[in-house]
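# Secondary and tertiary structure notes
Single-letter residue listing:
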Amino acid sequence: MKRRDFGQYCGLARALELVGERWGLLIIRDLAIHPRRYTDLLDGLPGIPSNVLATRLKEFEQSGIVERQIAPAPRRGVVYALTPLGHELEPAIHALGRWGTTQLGEPRPGEIVTPESLATSLRAAFDPSGATDVTAAWEIHTPDFAVHAIVTNGKLDAGVGPAPSGADLVITLQPEELPSYLELVQAIKCGLVKISGPRKLLDTFTRVFASRGPSTS
């Protein structure tokens with residue numbers, strides 16, 4: 001596949017040439033959460049053709065955005081990871097995600113929420129100015145998935161899976177499907193979640209993660 005060439009000496013045009021092809025930013029979104037195997041990326045991006053994923057990864061490697069790494073024990077094999085240059089895209093991805101969330105209506109048929117997309121939405125919605133005195137760990141649970149968010153004195157680590165050192169508050173959604181960011185905030189506001197842990201931490205979660213998000217009314 002040949003990349004688009006806009007023929008303009010412009011930073012935005014160059015960025016789109018490098019990362020603007022179909023599926024490109026979603027691949028970067030998932031790698032920003034954690035390094036992943038090729039098969040992990042395929043599984044986490046339902047609908048992406050294998051040849052498109054291989055092409056995007058090759059292009060990103062050539063551009064210095066992605067690199068291959070040897071997975072640490074106990075895992076084995078090769079994983080793909082963002083380079084420091086690739087991680088510089090995260091603020092732009094979060095800004096695009098916040099803007100795109102304002103354009104979401106009801107889910108269209110076949111649209112799903114992935115753990116990586118929810119973790120990314122939490123990173124995008126996080127308001128560090130409202131969390132300078134917060135140190136807490138949350139987990140969002142469904143029967144099949146867990147997403148964690150850990151705030152330490154205003155700094156966030158959000159990712160897929162349980163919190164490494166355990167959660168102070170566990171939030172379980174009903175119905176038992178992985179929620180979108182909007183569904184999560186709305187469910188909390190409407191009291192449609194089960195919690196395990198201090199209830200005040202649910203209010204804290206809403207304060208530090210919902211303040212930059214769009215209105216759900």
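Note that the coordinates shown come from a computational prediction; the quantities given were computed from them, not determined experimentally.

### What about the overall build of the protein chain?
Scanning the protein chain from terminus to terminus reveals nine helices and seven strands. With the principal axes as the frame, the protein chain shows a C-alpha extent of 55 × 40 × 35 Å. Each of the 217 residues in the protein chain was classed as buried or not, and the buried ones make up 43%. Across the protein chain, every contact between residues at least 6 apart in sequence was considered, and the portion connecting residues at least 24 apart equals 59%. Of the roughly 12,000 Å² that the protein chain leaves accessible, carbon and sulfur atoms contribute 56%. Distance between charge centres in the protein chain, computed from 23 positive and 24 negative side chains, equals 3 Å.

### Side note on helix H1 (residues 11–19)
Within the span of H1, buried status applies to Ala13, Glu17 and Val19. Among the structural elements, helix H2 (24–33) and helix H4 (50–62) are those in contact with the buried residues of H1.

### Comments concerning the pattern of salt bridges
Scanning all chains against the criterion turns up eight salt bridges. In this structure, the salt-bridge partner of Glu17 is Arg14, at a minimum N-O distance of 2.9 Å. Of this pair, Glu17 and Arg14 both sit in helix H1, three residues apart, which is roughly one turn of that helix. Glu17 gets classed as buried once you look at its relative accessible area, which sits at 9%. Arg14 sits in the partly exposed class, given a relative accessible area of 36%.

### As for unusual backbone geometry
Phi at Trp23 is positive, roughly 75°, even though this residue is not glycine. For Trp23, the position within the fold is in the loop between H1 and H2. Under the relative-accessibility criterion, Trp23 is labelled buried at 16%. Backbone geometry at Asn153 places phi at a positive 50°, although glycine is not the residue there. Relative to the helices and strands, Asn153 resides in the loop between strand E4 (146–152) and strand E5 (155–160).

### Comments concerning the side chain of Thr204
When you line up the elements, Thr204 lands in helix H9 (residues 200–210). Under the relative-accessibility criterion, Thr204 is labelled buried at 12%. Excluding residues that lie within four positions of it along the chain, Thr204 makes contacts with Val134 and Trp138.

### Concerning the confidence of the model for the protein chain
Chain-level statistics for the protein chain give a pLDDT mean of 90 and a share of 94% at 70 or above. Per-element confidence in the protein chain ranges from a low mean pLDDT of 88 for helix H8 (residues 181–189) to a high of 98 for helix H5 (residues 84–87). Confidence drops under a pLDDT of 50 for residues 213–217, and excluding neighbours within four residues, the segment shows nine contacts in the predicted structure.

### Points about the packing of aromatic side chains
Under the criterion given, the structure shown has four aromatic pairs. Relative to Phe209, the ring of Phe126 lies with its centre 5.6 Å away and its plane at 45°, an arrangement referred to as tilted. Here Phe126 is found in the loop between helix H7 (115–125) and strand E3 (135–141), whereas its partner Phe209 is found in helix H9, with 83 residues between them in sequence. Each member of the pair, Phe126 as well as Phe209, is classed as buried. Centre to centre, the rings of Trp138 and Phe209 are 5.8 Å apart; their planes meet at 90°, and the pair counts as edge-to-face. Residue Trp138 is found in strand E3, and its partner Phe209 is found in helix H9; the two are separated by 71 residues along the sequence. Comparing Trp138 with Phe209 shows no difference in burial state: the two are buried.

About the cut-offs
- Here, residues in each chain are numbered from 1, in the same order as that chain's written sequence.
- Given that this is a predicted model, residues contribute local features only at a pLDDT of at least 70 and side-chain atom pairs are listed and counted only at 80 or more, while totals for whole chains, interfaces and linings are drawn from all residues.
- For the side-chain quantities, the full set of heavy atoms in the structure was used; hydrogens and water were omitted.
- Runs of E in the DSSP output that reach at least two residues are strands. Runs of H or I that reach at least four are helices, and both are numbered from the N terminus.
- Residue exposure (1.4 Å probe, protein chains only): buried if accessible area is under 20% of the type maximum, exposed if over 50%, otherwise partly exposed.
- Contacts are assigned to residue pairs that have any heavy atoms within 4.5 Å of one another.
- Every accessible area reported is derived by Shrake-Rupley at a probe size of 1.4 Å, with residue values counting cover from the shown protein chains alone.
- In this tally Asp and Glu are treated as negative and Lys and Arg as positive; neither His nor the chain ends contributes.
- By convention, the charge on Lys lies at NZ, on Arg at CZ, on Asp at CG and on Glu at CD.
- One side-chain nitrogen of Lys or Arg within 4 Å of one carboxyl oxygen of Asp or Glu is enough to make a salt bridge.
- Per-residue confidence from the predictor is reported as pLDDT, which spans 0 to 100.
- Aromatic pairing here means that ring centres of Phe, Tyr or Trp (its six-membered ring) are within 6.5 Å. Orientation follows from the plane angle: under 30 degrees is stacked, over 60 is edge-to-face, and everything else is tilted.

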